[in-house]
Amino acid sequence: MPDEAQRARRALTVSNRIASKLRGLSDTAIAWIFIGPTILLLLAINIFPLLWTIYLSFTNYRANQPGRPVRWIGTRNYERLLGSEDIWGYLQATAHFVIWTMIFQIVIGFGLALLINRNFRGASFWTTIILIPMMLSPAVVGTFWTYIYQPQTGIFSYIVDFFAGTGALDMIGSVALAPWSIIIVDTWMWTPYIMLLCLAGLRSIPDYLYEAAEIDRANALQRFWYITLPRVLPFLMLAVLFRGIENFKMFDLVVELTSGGPGSTTELASINLKREAFEKWRTGYSSAFAIILFVTIFGLGNIYVKVLNKVKS
């Protein structure tokens, strides 16, 4: 007991000394003491790898040959990338994927949010059911849909054949259908996310706006166009921003479903980046590709945020 009392007194003495020293500091100094370690950690995790990647993008470095002399080659990697037709094909495939998934997810997600917002009996139950795909891992979803897409035994082929009479349908193995197979799965998985944000926007609209519109004899279409849509639009645009960035760097779902095939039909920019970096080991070249993708996403995101701020104001 005496030892414990002595330790407690020592701890109290130390805390009193620290408190007395902190009392002599300004609020700014105290704030930097607390946030300084966090900032240093973020710099170590984020900024240093980015700077290192930028440096490597100007070299001929290969990660599988660490003993090889690193030679500075300037902008040659960027010139080869921007002059390659294959790279533009991968970017085009990525843009096709991003645009169509956004269109489908916005339309379906907004429609589901309008239905759930009616507060019908069992709305909470159906909301939970709709959210299930979003809770699953992309690897699990990819494996799950690979079995669904099987041309002979998959339920998707059976349903299409039942309604359209097309026979066995190979979604993953077809050059024309493989991109749409990924779009369908991503829409199925992430539409609930769009629905949640739209539902938050709908729930934030005051009832008195609709009551005033009814007094002014506004019909349902006018109430939607002049009240619902403008109020939900910032939430919808925010959802598009988040999902657009995520879809631009989509990787795991595509790998599980098609691995970039057939051929290079579904080889998105992220898939090709992985091949260049960890299969061909062209580290400098892939670093330049990563920087180009980063600048593209950052630039488009910056423009989009400015538009979003104008909409909010």
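First things first, this report covers the structure right here in the doc. What you are looking at is a predicted structure, and each value in this text was computed from that prediction instead of being measured.

## Digging into the overall build of the chain
Item 1. Looking only at helices and strands, one finds 13 helices and zero strands in the chain.
Item 2. Starting at the N terminus and ending at the C terminus, the chain contains elements arranged as α-α-α-α-α-α-α-α-α-α-α-α-α.
Item 3. Dimensions of the chain along its principal axes, counting C-alpha atoms only, are 85 × 70 × 50 Å.
Item 4. Residues counted as buried form 34% of the 313 residues belonging to the chain.
Item 5. Considering only contacts within the chain whose residues lie at least 6 apart along the sequence, 67% involve residues at least 24 apart.
Item 6. Split by element, the accessible area of the chain, about 19300 Å² in all, is 66% carbon and sulfur.
Item 7. Each charge sign in the chain was given a centre, from 26 positive and 19 negative side chains, and these centres are 10 Å apart.

## What about the environment of T146?
Item 1. Along the chain, T146 turns up in helix α6 (residues 138-148).
Item 2. Separated by 55 residues in the primary sequence, T146 and L91 place their C-alpha atoms 24 Å from one another.

## A word on the pattern of salt bridges
Item 1. Inspection of the entire model under this criterion finds seven salt bridges.
Item 2. Put simply, R243 and D186 hold a salt bridge, and the shortest N to O gap is 3.6 Å. With a gap of 57 residues between them, R243 in helix α10 (residues 220-248) and D186 in helix α8 (residues 178-203) connect regions that are remote in the sequence. The same class applies to R243 as to D186, namely buried.
Item 3. Of the charged contacts in the structure, one is a salt bridge between K274 and E279, with a shortest N-O distance of 2.9 Å.
Item 4. E279 gets classed as partly exposed once you look at its relative accessible area, which sits at 44%.

## Observations concerning the packing of aromatic side chains
Item 1. Enumeration according to the criterion identifies 18 aromatic pairs in this entry.
Item 2. Considering the side-chain rings of W190 and Y193, the 6.3 Å spacing of their centres and the 85 degrees angle between planes classify their relative orientation as edge-to-face. Pair noted here: W190 and Y193 are both in helix α8, with a separation of three residues, about one helical turn.
Item 3. By way of ring pairs, the aromatic residues F48, W52, Y55, F58, W72 and Y78 are connected into one cluster.

## Remarks on the packing of helix α4 (residues 85-116) against α10
Item 1. Between α4 and α10, the shortest axis-to-axis distance is 10 Å and the interhelical angle comes to 140 degrees. One way to sum up the angle between α4 and α10 is to call them oblique. The chirality of how α4 crosses α10 is right-handed. Facing α4, whose interface residues are T94, F97, V98, T101, M102, Q105, I106, F110 and L114, α10 presents F224, T228, L229, V232, L236, V240, R243, G244, N247 and F248.

## Some thoughts on empty space enclosed by the protein
Item 1. The full count for this structure, using the stated rule, is one cavity of 30 Å³ or more.
Item 2. Each pocket or cavity is described by its volume, and for the largest cavity that value is around 30 Å³.
Item 3. In terms of lining residues, the largest cavity is bounded by L81, L82, I87, W88, L91, F289 and I292.
Item 4. Looking at the lining of the largest cavity, the elements with two or more residues in it are α3 (76-82), α4 and α13 (283-312).
Item 5. The element best represented in the lining of the largest cavity is α4, accounting for three residues.
Item 6. For the lining of the largest cavity, a count of residues per class yields seven nonpolar, no polar and no charged.

About the cut-offs
Residues numbered from 1 in each chain as written. Predicted model: local features only at pLDDT ≥ 70, side-chain atom pairs only at ≥ 80, totals over all residues. Heavy atoms only, no water. Helix = DSSP H or I, 4+ residues; strand = E, 2+ residues; numbered from the N terminus. Buried < 20%, exposed > 50% of the residue type's maximum accessible area, 1.4 Å probe, protein only. Contact = heavy atoms within 4.5 Å. Areas by Shrake-Rupley, 256 points an atom, 1.4 Å probe, with all protein chains shown as cover. Lys, Arg positive; Asp, Glu negative; His and termini not counted. Charge placed at Lys NZ, Arg CZ, Asp CG, Glu CD. Salt bridge = Lys/Arg side-chain N within 4 Å of Asp/Glu carboxyl O. Phe/Tyr/Trp six-rings, centres within 6.5 Å; stacked < 30°, edge-to-face > 60°. Axes fitted to C-alpha atoms, helices over the stretch in contact; angles between N-to-C directions. Parallel < 35°, antiparallel > 145°, perpendicular 65-115°, else oblique. Left-handed = near helix turned anticlockwise from the far one by under 90°. 1 Å grid on protein atoms, 1.4 Å probe; cavity = no way out; pocket = protein on both sides within 12 Å on 5 of 7 lines; lining within 4 Å. Points joined across faces, edges and corners; volume = space filled by probe spheres on them. Nonpolar A, V, L, I, M, F, W, Y, C, P; charged D, E, K, R; others polar.

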